[in-house]
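What follows is each chain in one-letter form.
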2 protein chains.
Amino acid sequence: MSEDERFMKQALSLAKKAYENGDVPIGCVIVYEGKVIGRGYNRRNKDRTSLAHAEILAIRKASKAIGDWRLEKCRMYITLEPCQMCSGAILQSRIPEVVIGCMNPKAGCAGSVINLLDMPGFNHRVSVTKGICEEACSQLLKQFFAELRIQKKKEKEEGK
Amino acid sequence: MSEDERFMKQALSLAKKAYENGDVPIGCVIVYEGKVIGRGYNRRNKDRTSLAHAEILAIRKASKAIGDWRLEKCRMYITLEPCQMCSGAILQSRIPEVVIGCMNPKAGCAGSVINLLDMPGFNHRVSVTKGICEEACSQLLKQFFAELRIQKKKEKEEGK
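Asker: Before we move on, could you go through the side chain of A:S50 and cite the residues and values that matter?
Answerer: Turning to its location among the elements, A:S50 is positioned in the loop between α2 (44-47) and α3 (54-66). A:S50 sits in the buried class, given a relative accessible area of 0%. Reaching out from A:S50, the side chain makes a polar contact with the side chain of B:S93 at a distance of 2.9 Å. Setting aside its immediate chain neighbours within four residues, A:S50 contacts A:R44, A:M85, B:I59, B:W69, B:A89, B:Q92 and B:S93.

What follows is the structure, encoded as structure tokens:
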């Protein structure tokens, strides 16, 4: 197993925790000098704030671990392509490398809708690796949304 | 004084708190049904995290006040055009209206470098009002950076 796969599997384990909470299963780890210094999983519904995306929580922990807002020697692993906010947080934290599990064609900002991570107008550009553990990352999300549809249908039928 | 000017002046007062801490002076308030439910000022250096932008802190407080990650009936006032991360957080929180003091030609994402707040590809678009208390917002930033340059020059001369 490559190093990238090893860390992405840790991000996937975190995504499963979000799943258990009923949140869209997305996980993230931040690695510094070969060690994980920040972990996060999506807690938007659980914490009732749009700020509780996996990447934001992991960045907060990594900054605390390093004692600096600059994460210039870190690599981020995320199971799903980041949104605008998280892409922005990656740029603001000066993270130089991001490894993505699967892409998000409808809302992703690392190449799908737009590529904020590599845009000439900004003062920081990020190197992106895609497709690490892609099938597992994608499958977990598909399973979550399939279950959600079944649940919603059931609730509708029961007149909730 | 218009309602917009009244709330922008509150955001400006918050920006001055950032100034006192040695952080770039940016302030933000979020208004719901005529009342301020979220306040924030830039604390990036003080808190040592890139996540401590004024808008992010104000969104966190507003979500807590409402008990929902959706801020669908809120209006945000910010002294400076938002960055990528904060524009993303505005979209993720579904804030429908943003009022901006002055623009940020080098890094702003509400029309300067890019306009993330009104982009066809995303599932949410924001109505933006610009130029409220523009001179005062801009002047505060200019004064901050002028002082910073003097301080840096002095430190250089003293061989620090």
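Asker: Describe the nonpolar core, with residues and values.
Answerer: Among the nonpolar cores identified, the biggest contains 106 residues, and A:I30, A:M76, A:I114, B:I30, B:M76 and B:I114 are the most heavily contacted of them. Those residues in contact with B:I114 that lie beyond four places of it in its chain are A:I114, A:L116, A:M119, A:F122, B:G108, B:C109 and B:M119.

Asker: How would you explain the sheet that holds strand β4 (residues 97-102) of chain B if you had to name every residue and give the values?
Answerer: Residues and elements named next belong to chain B. The sheet built from five strands is open, its strands ordered β2-β1-β3-β4-β5 with mixed pairing. Unpaired on one side and paired on the other, β2 (35-41) and β5 (127-130) mark the two borders of the sheet. Averaged over all pairs of adjacent strands, the angle between their axes in this sheet comes to 20°, without regard to strand direction. Pairing analysis gives five bridges linking strand β3 (residues 74-80) to β4, with the strands arranged parallel. When the sheet's bridge partners are listed, I78 is paired in β4 with I100. Running over the sheet, helix α1 (residues 3-20) touches β1 (27-32), β2, β3, β4 and β5 and is turned about 50° from β3. Where helix α3 (residues 54-66) meets the sheet, it contacts β1, β2 and β3, and its direction lies at approximately 145° from that of β2.

Asker: Quick rundown of the interface of chain A and chain B? Include the residues and the values.
Answerer: Facing 31 residues of chain A, the contacting portion of chain B comprises 31 residues. Carbon and sulfur atoms make up 64% of the surface buried where chain A meets chain B, a total of about 2,600 Å² over both sides. At the boundary of chain A with chain B, the tally comes to zero salt bridges. Put simply, chain A and chain B have eight residue pairs in polar contact (both at pLDDT 80 or more) between them. Ranked by the residues each element gives to the side of chain A that touches chain B, the list is headed by helix α4 (residues 84-92) of chain A, at six residues. Residues belonging to the side of chain A that touches chain B are distributed by class as follows: 15 nonpolar, 11 polar and five charged.

Criteria and thresholds
- Residues numbered from 1 in each chain as written.
- Chains lettered and ligands numbered in written order.
- Predicted model: local features only at pLDDT ≥ 70, side-chain atom pairs only at ≥ 80, totals over all residues.
- Heavy atoms only, no water.
- Helix = DSSP H or I, 4+ residues; strand = E, 2+ residues; numbered from the N terminus.
- Buried < 20%, exposed > 50% of the residue type's maximum accessible area, 1.4 Å probe, protein only.
- Polar contact = N/O pair within 3.5 Å; in protein donor to acceptor, adjacent residues only side chain to side chain.
- Contact = heavy atoms within 4.5 Å.
- Core = buried A, V, L, I, M, F, W, Y, C linked by side-chain atoms within 4.5 Å.
- Pairing = 2+ DSSP bridges.
- Axes fitted to C-alpha atoms, helices over the stretch in contact; angles between N-to-C directions.
- Buried area = accessible area lost by both parts, 1.4 Å probe.
- Salt bridge = Lys/Arg side-chain N within 4 Å of Asp/Glu carboxyl O.
- Nonpolar A, V, L, I, M, F, W, Y, C, P; charged D, E, K, R; others polar.

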